[in-house]
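# Observations on the model geometry
Below are the chains, spelled out letter by letter.
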Amino acid sequence: MTHMHVAGSVHADVAAAAPQWLSVPTDVNALDPALWSSTVRRRPDGALEVGGIDVRTLVDEVGTPVYVIDEQDFRQRARAFRSAFAGWDVYYAGKAFLTRTIAGWVHEEGLFLDVCTEGELRVALEGGFDPARIGMHGNNKSRRELEMALRSGVGRIIVDSLDEIDRIEELCRRHEVRARVMVRVTPGVEAHTHEYIATAHEDQKFGFSITNGAAMVAMVRCHASPVIDLLGIHSHIGSQIFDTGGFEVAARRTMKLLSQFQQATGIVLSELDLGGGFGIAYTSQDSPSSPEDLATDLRDIVETEARAHQMPAPHVSLEPGRAIVGPAGMAVYEVGTVKPVDLDGGAQRVYVSVDGGMSDNIRPALYGAEYSATLANRTSAEVGALCRVVGKHCEGGDILVRDEYLPADIHPGDLIAVPASGAYSRSMASNYNHVPRPPVVAVDQAQWTTLLRRETLDDLVGLDQGQVVGTIPQ
Ligand SMILES: *Cc1c(COP(=O)(O)O)cnc(C)c1O
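Remember, it's a predicted structure, so these values are computed and weren't measured experimentally.

## A few points about the overall build of the protein
Along the backbone of the protein there are 13 helices and 23 strands. Taken over C-alpha atoms, the radius of gyration comes to 24 Å for the protein, in line with the 23 Å a tight globule of 474 residues would show. Summarising its shape, the C-alpha atoms of the protein cover approximately 80 × 55 × 45 Å along the three principal directions. Within the protein, the proportion of its 474 residues that are buried is 53%. Partitioning the intrachain contacts of the protein with sequence separation of at least 6 by distance along the chain shows that 71% fall at a separation of at least 24. Across the protein, the 42 positively charged side chains and the 63 negatively charged ones have centroids separated by 5 Å.

## Focus: helix 5 (residues 118-126)
All of the buried residues along helix 5 are Glu120, Leu121 and Ala124. One face of helix 5 carries all of its buried residues, which in axial projection span an arc of 100°. Where helix 5 is buried, its residues meet helix 4 (100-108), strand 6 (112-115), strand 7 (134-136) and helix 6 (143-152).

## A short note on the nonpolar core
The biggest cluster of nonpolar side chains holds 107 residues, and the ones touching the most others in it are Phe85, Tyr92, Ile157, Val183 and Ile416. Here the element with the most residues in this core is helix 9 (residues 245-265); it accounts for 8 residues. Residue assignment places this core across two domains, with domain 1 (17-69 + 327-455) and domain 2 (72-325) each supplying three or more. Within the second largest apolar cluster, 20 residues are counted, among which are Leu35, Val50, Ile53 and Val441.

## Section: helix 3 (residues 71-84)
Across its 14 residues, helix 3 extends 20 Å between first and last C-alpha, which sits within 8% of the 20 Å expected from 1.5 Å per residue. Those residues of helix 3 that fall on the buried side of the exposure criterion are Glu71, Asp73, Phe74, Arg75, Ala78, Phe81 and Ala84. Among the structural elements, strand 4 (66-70), strand 5 (89-93), helix 4, helix 10 (291-308), helix 11 (322-325) and strand 22 (440-444) are those in contact with the buried residues of helix 3.

## Some remarks on the packing of aromatic side chains
Summed over the entire model, instances satisfying the criterion amount to 8 aromatic pairs. Ring geometry for Phe74 and Tyr92: centres 5.6 Å apart, planes at 70°, overall edge-to-face. Remark: Tyr92 occurs in strand 5 and Phe74 occurs in helix 3; sequence separation between them is 18 residues. Of the two residues, Phe74 and Tyr92, both sit in the buried class. Aromatic pair Tyr91 and Phe112: ring centres 4.8 Å apart, planes at 35°, arrangement tilted. Linking Tyr91 in strand 5 with Phe112 in strand 6, this pair joins segments that are 21 residues apart in sequence. Accessibility assignment for this pair places Tyr91 and Phe112 in one class, buried. Among the aromatic side chains, those forming a connected cluster through ring pairs are Phe81, Phe85, Trp88, Phe247 and Phe278. The ring of Phe112 carries the charged tip of Arg133 above its face, separated from the ring centre by 4.0 Å. The ring of Trp88 has Arg299 lying over it, and the distance from NZ or CZ to the ring centre is 5.0 Å.

## Some thoughts on the domain arrangement of the protein
The domain architecture assigned to the protein consists of domain 1 (17-69 + 327-455) and domain 2 (72-325). The partner domain 2 presents 22 residues to the 26 residues of domain 1 that form the contact. Summing both partners gives a buried area of about 2,200 Å² for domain 1 against domain 2, and 62% of it is carried by carbon and sulfur. Seen at the junction of domain 1 and domain 2, the total is 0 salt bridges.

## Overview of the site of the ligand
The environment of the ligand is made up of 15 residues, and the closest members are Lys95, Ser239, Glu319, Arg322 and Tyr424. Gly277 has a polar backbone atom sitting 2.8 Å from an oxygen atom of the ligand. Within the side chain of Tyr424, an N or O atom sits 2.6 Å from an oxygen atom of the ligand. The protein chains hide 93% of the 390 Å² of surface that the ligand would expose on its own. Its residues placed into classes, the shell around the ligand shows 4 nonpolar, 7 polar and 4 charged.

## Focus on the environment of Asp114
The topology assignment puts Asp114 in strand 6. Spatially, the C-alpha atom of Asp114 lies 5.7 Å from that of Ile134, the residues being 20 residues apart in sequence. Not counting chain neighbours up to four residues away, the residues in contact with Asp114 comprise Tyr91, Tyr92, Ala93, Gly94, Lys95, Glu120, Gly135, His137 and Glu319. Looking at Asp114, its side chain comes within polar contact range of the side chain of His137, at 3.4 Å.

Reading the values: the criteria
Just so you know, the residues in each chain are numbered from 1, in the order the chain's sequence is written. Reporting in this predicted model follows two pLDDT cut-offs: at least 70 for local features of residues, and 80 or more for side-chain atom pairs to be given and counted; totals over whole chains, interfaces and linings ignore these cut-offs and use all residues. Each side-chain value is derived from all of the structure's non-hydrogen atoms; neither hydrogens nor water enter the calculation. Labels follow the DSSP assignment, with helices taken as runs of H or I lasting at least four residues and strands as runs of E lasting at least two, numbered in each case from the N terminus. What the globule rule says is 2.2 Å times the number of residues to the power 0.38, and the radius of gyration is computed from C-alpha atoms. Buried residues are those whose accessible area, probed at 1.4 Å on protein chains only, stays under 20% of the maximum for their type, while exposed residues exceed 50% and partly exposed ones sit between those limits. In this analysis, two residues are considered to be in contact whenever any of their non-hydrogen atoms come within 4.5 Å of each other. Working convention for charge: Lys and Arg count positive, Asp and Glu count negative, and His plus the chain ends are omitted. To locate a charge, take NZ of a lysine, CZ of an arginine, CG of an aspartate or CD of a glutamate. Our arc is simply the arc of the directions from the helix axis toward the C-beta atoms. Only buried residues count toward a nonpolar core, which is a set of Ala, Val, Leu, Ile, Met, Phe, Trp, Tyr and Cys residues joined through side-chain atoms within 4.5 Å. Each domain's limits were defined by an automated method or a database of domain assignments. Expected span, for any helix, means 1.5 Å times one less than how many residues it has. When two rings of Phe, Tyr or Trp (its six-membered ring) have centres within 6.5 Å they constitute a pair, described as stacked for plane angles under 30 degrees, edge-to-face for angles over 60, and tilted for the intermediate range. Counted as over-ring charges are cases with an Arg CZ or a Lys NZ within 6 Å of the ring centre that also lie within 35 degrees of the ring normal. When two parts are put together, the accessible area they lose, computed with a 1.4 Å probe and summed over both, is reported as buried area. A pair is scored as a salt bridge if a Lys or Arg side-chain nitrogen falls within 4 Å of a carboxyl oxygen belonging to Asp or Glu. Summary of the distance rule: residues count as near a molecule or strand when at least one heavy atom falls within 4 Å of that molecule or strand. Counting of polar contacts relies on pairs of N or O atoms within 3.5 Å, with two restrictions inside protein: one atom must be capable of donating a hydrogen and the other of accepting it, and residues adjacent in sequence are counted only when both atoms are side-chain atoms. Per-residue and other accessible areas were derived by the Shrake-Rupley procedure at a 1.4 Å probe size, with only the shown protein chains allowed to occlude residues. Amino acid classes used here: Ala, Val, Leu, Ile, Met, Phe, Trp, Tyr, Cys and Pro are nonpolar; Asp, Glu, Lys and Arg are charged; the rest, including Gly, are polar.

Okay, here's the thing in structure tokens:
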């Protein structure tokens with residue numbers, strides 16, 4: 001045995017080093033169904049299986065790290081949003097994770113699609129997505145991006161500045177097309193996990209402020225334009241939100257704005273987009289609402305506000321990203337080193353280093369995001385040791401899972417799976433430390449397909465146009 005056995009670290013003090021929400025598991029091999037995609041289970045031999053495929057088989061084929069998307073789970077979540085919000089439109093927020101195949105699934109499940117760059121738009125169009133069902137976002141869309149959106153005939157452009165409105169008008173005239181536009185407004189609500197603050201959050205780059213009148217100015221400007229069709233307004237209040245209170249405030253303020261616009265111009269705008277941001281479970285401390293419960297709350301809020309302003313209820317759209325692809329994905333890493341570290345008070349924390357890190361999932365470093373993990377290639381009869389799963393990068397903050405109990409006999413060569421990794425991980429990946437980005441595979445009914453192949457060192461080094469000084473010693 002070359003590795004250290006860490007079972008001795010498990011004693012009462014460990015609980016003091018763990019966060020309060022994390023309890024010592026009675027069975028360290030158990031999977032919390034709230035965290036894992038619907039087809040994940042342990043095989044009789046203890047290894048994890050997803051979409052009918054043993055993760056060890058996948059890893060033999062494509063290596064680690066690897067991101068795995070459970071197609072059935074993705075489709076079920078897309079369908080659940082569509083049926084809960086029947087009569088309204090659901091846009092999948094492509095920035096969470098988008099490939100041509102994913103665009104195809106979104107299309108097949110009857111959802112619309114949001115993109116916010118030329119790159120995302122190109123992937124969507126190449127995936128065969130109907131441009132009329134695409135919304136184009138972005139606070140600084142280039143002329144080229146707007147041109148591509150207008151010429152491909154996207155269903156709507158969500159405008160975010162007066163400069164952009166100028167640019168759209170100029171391009172519409174040049175190409176003799178019209179633009180269908182929503183005005184992005186900031187309703188003065190910034191929602192956070194478990195809380196929201198309904199004041200003074202207009203100090204940000206997105207949108208036109210409702211309170212200082214900028215939103216009304218932009219709406220009147222669009223309405224007056226001979227080449228723009230103003231459809232309505234758009235608000236997005238944040239991400240990983242568990243409480244509909246923030247949406248309630250946003251709906252109240254946006255409905256009031258629609259009513260004021262109607263009084264000022266006589267025009268009834270029919271479209272209201274309430275954005276995305278619906279939370280998911282990353283750890284046992286998160287308890288997200290179902291799409292059904294969200295739909296009941298949001299319909300109630302919109303109808304109440306419409307009655308209060310004596311206006312027809314607008315046609316509403318929503319933009320979930322994370323809530324569809326997040327829980328459908330997991331990351332699988334191989335353990336490289338296991339290092340117990342003594343903490344004040346006699347407790348120990350076990351640093352488990354894996355072959356990925358902040359380059360494939362920046363969220364813990366960027367937002368302090370919490371994740372969970374489990375031993376994926378086998379089960380263990382050992383008790384849980386308090387672990388921190390860290391990456392291979394040259395940063396102390398290169399953490400993937402801050403706190404988790406993993407079996408005390410975890411050792412190099414083991415596989416670790418991190419659930420709820422489908423959103424904003426591979427899509428935000430970097431090449432920090434010249435580490436190639438991991439592949440993404442989709443699994444379904446015991447078949448797997450590659451959505452994104454692994455980046456190679458040749459891909460990366462091929463970008464370097466500098467001098468080649470010598471040859472690599474063999
Ligand atoms: C990011 C974003 C979304 C999606 O947010 P999720 O948290 O993934 O649901 C929707 N709309 C807009 C405008 C966004 O910027």
